[in-house]
Amino acid sequence: MSFLQSLANRRSNYVLGKDVDVAKATETIKEAVKQSPSAFNSQTSRVLILAGAEHDKLWHEIVATDLKAEMDRQGVPESAWEGTKGKLDSFAAAGLTALFFEDTDVVKGLQEQFPLYADNFPVWSEQSTGIASVNAWVALSDIGLGANLQHYNPVINDTIAKTYGIPASWNLRGQLVVGSPESEVAPKDFMADEDRFKVFGA
Ligand SMILES: Cc1cc2nc3c(=O)[nH]c(=O)nc-3n(C[C@H](O)[C@H](O)[C@H](O)COP(=O)(O)O)c2cc1C
């Protein structure tokens with residue numbers, strides 16, 4: 001398969017199951033993250049992988065509890081909860097979740113070491129975490145797994161840190177839900193190339 005075909009095959013799949021070789025998926029995520037570039041090779045991304053009962057606990061207990069509390073705090077009507085809970089159940093139906101963080105201590109260290117680029121390091125770190133996440137997503141797609149990307153941070157940050165002993169410097173940025181693809185994904189619309197790309201001299 002060509003790399004461009006691999007990129008096209010990576011899609012957001014929301015109908016996922018538990019038919020996952022967790023060891024293989026874990027190795028794939030680790031290798032994809034390790035091979036991802038980062039500014040000054042600072043390797044600021046960090047990953048917590050939750051599989052099996054821990055994956056179920058993430059969606060059925062941690063996210064469900066913290067999100068419901070936040071919705072109540074914001075005065076969201078009780079009737080909205082059923083739909084939200086259905087969404088969380090669909091994530092729990094998948095096989096594992098990879099939670100992506102940035103190590104802000106490393107970012108701060110770089111800012112002190114290279115004051116000239118101080119403003120850029122948080123942006124580069126964010127970009128690097130995005131690159132690592134999507135590389136993992138593509139690599140998982142290459143081994144036949146489906147995934148979707150969620151953002152229940154910062155609502156779940158404290159509970160995740162407490163439950164899994166995550167250092168205070170790790171800032172949660174996204175949750176990649178991974179599972180066996182249980183449905184086809186609809187074709188994607190693309191904006192017109194002429195509105196998106198400018199090419200000169202070709
Ligand atoms: C930075 C970023 C943030 C996203 N956040 C979410 C999200 O919070 N929830 C979600 O369901 N999908 C999220 N997505 C998925 C996008 O909606 C999806 O990638 C886009 O619609 C294109 O579809 P595709 O992934 O199938 O190519 C996110 C994607 C990116 C790149």
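Look above for the structure.
What counts, and where the lines are drawn
- Residues numbered from 1 in each chain as written.
- Predicted model: local features only at pLDDT ≥ 70, side-chain atom pairs only at ≥ 80, totals over all residues.
- Near = placed C-beta within 6 Å.
- Nonpolar A, V, L, I, M, F, W, Y, C, P; charged D, E, K, R; others polar.
- Core = buried A, V, L, I, M, F, W, Y, C linked by C-beta atoms within 7 Å.
- Buried ≥ 20, exposed ≤ 12 C-beta atoms within 10 Å, placed from the backbone.
- Helix = DSSP H or I, 4+ residues; strand = E, 2+ residues; numbered from the N terminus.
- Axes fitted to C-alpha atoms, helices over the stretch in contact; angles between N-to-C directions.
- Parallel < 35°, antiparallel > 145°, perpendicular 65-115°, else oblique.
- Left-handed = near helix turned anticlockwise from the far one by under 90°.
- Contact = placed C-beta atoms within 7 Å.
- Expected span 1.5 Å × (residues − 1).
- Arc of directions from axis to C-beta.
- Pairing = 2+ DSSP bridges.

**Q** Any chance you could explain the site of the ligand here in plain terms?
**A** Taken together, Arg 11, Ser 12, Asn 148, Leu 149, Gln 150, His 151 and Lys 188 make up the full set of residues near the ligand. Grouping the constituent residues of the shell around the ligand by class yields 1 nonpolar, 4 polar and 2 charged.

**Q** Explanation requested: the nonpolar core in the structure shown.
**A** When a protein is soluble and globular, its nonpolar side chains tend to lie buried together. Core analysis: the biggest nonpolar cluster contains 37 residues, and Leu 96, Ala 98, Leu 99, Ala 136, Leu 140, Leu 176 and Val 178 have the highest contact counts within it. Looking at this core, the elements with two or more residues in it are helix H2 (22–34), strand S2 (45–51), helix H3 (52–73), helix H4 (80–92), strand S3 (96–103), helix H6 (120–142) and strand S5 (170–181).

**Q** Looking at this model, I keep getting lost on unusual backbone geometry. Mind explaining?
**A** Most peptide bonds adopt trans geometry, and most residues besides glycine take a negative phi value. That bond from Asn 153 to Pro 154 is cis: its omega, 0 degrees, falls within 30 degrees of zero. Mapped onto the fold, Pro 154 is located in the loop between strand S4 (146–150) and helix H7 (157–164). Look at Phe 40: it is not a glycine, yet its phi comes out positive at around 60 degrees. Structurally, Phe 40 is set in the loop between H2 and S2. Phi at Gln 43 is positive, roughly 50 degrees, even though this residue is not glycine. Tracing the chain through its elements places Gln 43 in the loop between H2 and S2.

**Q** How should I be thinking about the packing of H2 against H6 in this particular structure?
**A** Each packed pair of helices is defined by two parameters, the angle between the axes and the distance between the axes. Interhelical geometry of H2 versus H6 gives an angle of 140 degrees and a closest axis separation of 8 Å. With respect to H6, the element H2 is oriented oblique. Every pair of crossing elements has a handedness; the one defined by H2 and H6 is right-handed. Taking contact as the criterion, the partners of Ala 25, Thr 28, Ile 29, Ala 32 and Val 33 in H2 are, on H6, Ala 132, Asn 135, Ala 136, Ala 139 and Leu 140. Taken together, the residues that form the contact of H2 with H6 break down as 8 nonpolar, 2 polar and no charged.

**Q** Please explain H2 as it appears in this structure.
**A** For H2, spanning 13 residues, the distance from its first C-alpha to its last is 18 Å, which sits close to the expected 18 Å at 1.5 Å a residue. Residues Ala 25, Thr 28, Ile 29, Ala 32 and Val 33 constitute the buried set of H2. Seen along its axis, H2 keeps its buried residues to an arc of 125 degrees; they face one direction. Exposed positions of H2 whose direction lies more than 90 degrees from the buried face are Ala 23 and Lys 34. In the core, the buried residues of H2 are packed alongside S2, S3, H6 and S5.

**Q** Sorry, what's going on with the environment of Glu 102 here?
**A** As for its placement among the helices and strands, Glu 102 is situated in strand S3. With residues near it in sequence (within four places) discarded, Glu 102 still touches Thr 44, Ser 45, Val 107, Ser 125, Glu 126, Thr 129, Asn 171 and Arg 173.

**Q** What should I look at first to understand the pairing of S3 in this one?
**A** Remark: a regular strand shows side chains that alternate across the two faces of the sheet. Of all the 8 residues making up S3, 7 are buried; the element is thus mostly covered by neighbouring parts of the structure. In terms of strand pairing, S2 meets S3 through 7 bridges, oriented antiparallel. Bridge pairing in S3 places Val 47 opposite Phe 100. Bridge analysis of S3 against S5 gives 8 bridges, and the strand direction is antiparallel. Residue Asp 103 lies in a different strand from S5, and its bridge partner there is Trp 170.

On their own, these measurements won't tell you what the molecule is for.
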